[in-house]
Structure formats: structure tokens, C-alpha cells
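# Structural description and commentary
For reference, the chains in residue letters:
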Amino acid sequence: MYITKHYPLYAAFFFPGLVAFVFFKKEWKTVWIILLSTMLVDIDHLFAEPIFDPNRCSVGFHFLHSYYAIVLYVLLFLFGNKIIRIIALGLLLHMVADFQDCLW
């Protein structure tokens, strides 16, 4: 099986489900959908030239992947209401996955 630099799509789909199931047992399906929806943060790639560069690190380059944005996501996770914290968690998990790509 060919695996690109980015972690496999099945991990991007199932890992948030595992997080949702482990930490939000009663409402895990709703939380899973919210966590998956945070992948829309990659919309900022459309503003880059070129849109996709396999050798570019997303973290620190795209505006929704900037260090300022990550600080905002941390603050939202720490001080937001439940829904905001779930969204922030999804965004932070996404940043960790993208940062892991940078290390590869």
C-alpha cells in the first residue's frame, strides 16, 4: 500500500472517532462529526501558491495553521464552552498531525 507523506486517510477518519468514543461516550457520534468537520481548516491551503507542495510544512505557513492560530486554539480549548472545546480539540489534533508531517 502506498502511503503519502501525510498520515493515511483512514487514520484521519478513525482517530477522531476513537478520541470521541473514549472521552465522550454518551455523545461520541456527534463529537466525531464535529472533530471531522475541523478538517475544513485545510481550506487555507487554497490561498497558497502552489496549493499543494509536498515539501512544505503547513504549520507556520498557512494562516489557519500559523502559530498565532494555534495559540488561539489552545486558549479556546482551555476557556471555551463544551462545543468550542471540542472544536478546538479537533483543530489541535489536526495541527499535531500536520506537525508530524513536518518531522517526516
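The text that follows walks through the structure, step by step, so that each part is easy to find. (Residues numbered from 1 in each chain as written. Predicted model: local features only at pLDDT ≥ 70, side-chain atom pairs only at ≥ 80, totals over all residues. Heavy atoms only, no water.)

With that settled, consider the side chain of His-65. With respect to the helices and strands, the residue His-65 is situated in the loop between helix 2 (28-37) and helix 3 (67-79). A polar contact of 3.1 Å, which involves the side chain of His-65, links it to the side chain of Asp-42. Those residues within four positions of His-65 in sequence are excluded, and the remaining contacts are Val-41, Asp-42, Asp-44, His-45, Ser-58, Val-59, Gly-60, Ile-70, His-94, Met-95 and Asp-98. (Helix = DSSP H or I, 4+ residues; strand = E, 2+ residues; numbered from the N terminus. Polar contact = N/O pair within 3.5 Å; in protein donor to acceptor, adjacent residues only side chain to side chain. Contact = heavy atoms within 4.5 Å.)

With that out of the way, let us pick up the nonpolar core. Of all hydrophobic cores here, the largest spans ten residues; its members are Val-19, Ala-20, Phe-24, Val-31, Trp-32, Ile-34, Leu-35, Leu-36, Ile-86 and Leu-89. Listed by contribution, the elements that provide at least two residues to this core are helix 1 (9-23), helix 2 and helix 4 (82-103). Considering each element in turn, this core owes the most residues, five residues, to helix 2. Setting aside residues no more than four positions away along its own chain, Leu-89 makes contact with Val-19, Phe-24, Leu-35 and Phe-77. (Core = buried A, V, L, I, M, F, W, Y, C linked by side-chain atoms within 4.5 Å. Buried < 20%, exposed > 50% of the residue type's maximum accessible area, 1.4 Å probe, protein only.)

Among the structural elements, His-45 can be located in the loop between helix 2 and helix 3. The class for His-45 is buried, based on a relative accessible area of 15%. Not counting chain neighbours up to four residues away, the residues in contact with His-45 comprise Ile-51, Ser-58, His-62 and His-65.

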